[in-house]
Amino acid sequence: MTKKILAEQIQRLYARFIDKENPSDIIDTREIILFIEQSLNKVLKLQVAESFKAGMIDVPKCNLIEYTAAVTADSGNNRAYITLPVIPLTLPMNMGIWSIAAATGAMNPYIPIPAQDVLVFQGANLSYLEGRIGYYVQGRRVYFTKNITLTANGTVTSVIVNLLTMDLSQFGDNDLLPISPEVESTIIADVLETISNGRVSQAEVASKQQ
Amino acid sequence: MKTKSLDVIVRDTLLDNGLPLHYYTRYLHHGLRCLDELSLDFDMGNIKTVVLSVTDYRRAILPADFIDIVDVSGKHGERLLPLERVRNLNKLYNRDSEGNKIPYPAEQSVNYDAEFNYNLISGGATMNSRGELIGRFYGRQRNPLMTYDIDTINSELVFSNTMDLIEVTLTYITSAVSRSTANVVTPYATDVISKYITMMAAKAEGSTLGKYQLAQQDYQNAKRVFRARMNSMDFAEMISLIRNGIHGALKN
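Every value quoted in this text rests on a predicted model; they were computed, and no experiment measured them. In every chain, residue numbers begin from 1 and rise along the written sequence. Throughout, the order in which chains and ligands are written sets their labels, letters from A for the former and numbers from 1 for the latter. Given that the model is predicted, a residue must reach a pLDDT of at least 70 before its local features are reported, and side-chain atom pairs must reach 80 or more before they are shown or counted; all residues, however, enter totals for whole chains, interfaces and linings.

(A) Looking closely at the overall build of chain A. Within chain A, the secondary structure is distributed over 5 helices and 8 strands. By the criteria applied, helices consist of DSSP H or I runs no shorter than four residues and strands consist of E runs no shorter than two, each listed in order from the N terminus. Overall, chain A shows an N-to-C arrangement of helices and strands of α-α-β-β-β-β-β-α-β-β-β-α-α. Pairs at least 24 apart in sequence give 67% of the contacts found in chain A among residues at least 6 apart. Any residue pair is listed as a contact if its two C-beta atoms, each placed from the backbone, are within 7 Å.

Structure representation (structure tokens):
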């Protein structure tokens, strides 16, 4: 399913809703595409939250989008950071950022650290992290617990980031969307509900006038 | 020796509970706490032995990572004979008129060999060449003179003045948790650490009381098994105990 197909379907449905007998493209598809993008992220978060509530920690893997981010050294604090290309979903334990690994170490990802724990565990046994390198999130930046650009830490200049997000800006109107089929109808219903909120159909208006 | 890293134990536990890497640090924290606690009761590779020099004022400086004494011994041939701890040794420094630390005056001098023979081995002049006690104790009370105590304020061992060794061998407990190398444990400890992590996670996550109690029971059972494994007694040890109990009797 593409954005364009979804938008056209919503457009048709909306037009029929206004005037069942005379469907028209009364609402601009560019507007609908924006609604689709917003709705997709909303539905995605609901999906994940429902699985968490059911006791399963799982995320829809088809919504994981891979980015490459350049690493910048913060030598003064003996750490390094990247800037997130997009803001991921806000999930418990920062699970919106699904994984970060060096470009050549996909199966050996860095250890995610809950941001609230970073300042607490300084000086505690945990701070050593069993020799591994961790990361934590602050705003749009992701900081690594060591300066990974140094030779001793792997000379990493870029990392692969898997984010749970629906960054639709990278998909053209005719590109296949990375969404599960069962989500499509939910998106259509959600966008329709949003754009038709507070409106009445021409048929209803006519019936009221009579 | 085959060991298992704490990192692997934590990952195993995450797999047991179907959790992603995002829970790693929380689980690792519980694992480290468990290892730290177990190491106070079991030898998790944290029992160290060092030779300490005795100062001229009859003290020895404890290592920085010292937690508690296992024993303080003197070398005697190929064996280490433990000195006796007495609690009433004066822990305050004794100083001369110029403020230098000096030993307290001795109650009486002691012969090194006699002390070892009589007070530490219970033999010597009161036994014949076949190890039989020959009597003539006349109510003599044992009076160990090669003694020590711990001065916790100054992190030192305090020796009695009559302790004339220039070196002692200290066996002591330190923490099993390292902050500079990856922690490894005996494979026996795998299950107990894993169960502890699950129990503490259940508590921290605000699980229902039933779920927490199940996790607690699992942990206690695993700890029982661990304790039994760490204190196992094999056939050779039993035979050795029986043989040690067979010896010559007193001649009355």
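(B) Spatial organisation of helix α5 (residues 209–230) of chain B. All names here are of chain B. An ideal rise of 1.5 Å per residue puts 32 Å on 22 residues; α5 measures up with 31 Å between its terminal C-alpha atoms. When we look at burial in α5, the residues that qualify are A215, Y219, A222 and F226. Buried residues along α5 cover an arc of 70° about the axis, so they all sit on one side. Across α5 from its buried face, at more than 90 degrees, point the exposed residues L209, G210, Q217, R224 and A228. By definition here, a helix of n residues has an expected span of 1.5 Å times n minus one. Here a residue counts as buried when 20 or more other C-beta atoms sit within 10 Å of its C-beta, as exposed when there are 12 or fewer, and as partly exposed otherwise, the C-beta atoms being derived from the backbone. This arc is taken over the directions from the axis of the helix to the C-beta atoms.

(C) Molecular detail of the domain arrangement of chain A. What fixes the domain bounds is an automatic or database domain assignment. With domains assigned, chain A is organised as domain 1 (3–57 + 180–199) and domain 2 (61–164). Gly falls in the polar group here, along with every residue not listed as nonpolar (Ala, Val, Leu, Ile, Met, Phe, Trp, Tyr, Cys, Pro) or charged (Asp, Glu, Lys, Arg). Partitioned by chemical class, the residues of the side of domain 1 of chain A that touches domain 2 of chain A number 3 nonpolar, 2 polar and 1 charged.

(D) Spatial organisation of the sheet that holds strand β4 (residues 97–102) of chain A. Residue and element names in this part refer to chain A. Overall, antiparallel pairing links the 3 strands, which are arranged β1-β8-β4 in an open sheet. Both outer strands of the open sheet, β1 (64–70) and β4, are each paired with one neighbouring strand and no more. Going from strand to strand, the sheet's axes swing by 20° on average, the running direction of each strand aside. When β4 meets strand β8 (residues 158–164), the two strands line up antiparallel, connected through 5 bridges. The partner of I97 across the bridge, within β8, is L163. A pair of strands is treated as paired once DSSP finds two or more bridges between them. The axes used here are C-alpha line fits, helices contributing only the stretch in contact, and every angle between their N-to-C directions lies in the interval 0 to 180 degrees.

(E) Looking closely at the confidence of the model for chain B. Confidence scores per residue from the predictor, reported as pLDDT, run from 0 to 100. Overall, the predicted model of chain B reaches an average pLDDT of 87, with 85% of residues at or above 70. For this predicted complex, the interface confidence reaches an ipTM of 0.76, while the overall pTM sits at 0.78.

(F) Spatial organisation of the pairing of β8 of chain A. In terms of strand pairing, β1 of chain A meets β8 of chain A through 7 bridges, oriented antiparallel. Within β8 of chain A, the residue paired with I65 of chain A across the bridge is L163 of chain A.

(G) Inspection of the nonpolar core at higher detail. Residue and element names in this part refer to chain B. With 72 residues, the main nonpolar core has V10, Y27, L35, I193, Y196 and I197 as its most contacted residues. The biggest single contributor to this core is helix α4 (residues 190–204), with 8 residues. Those residues in contact with Y27, other than ones at most four positions away along the chain, are V10, T13, L14, I197 and A201. Buried Ala, Val, Leu, Ile, Met, Phe, Trp, Tyr and Cys residues whose C-beta atoms connect them within 7 Å together make up a nonpolar core.

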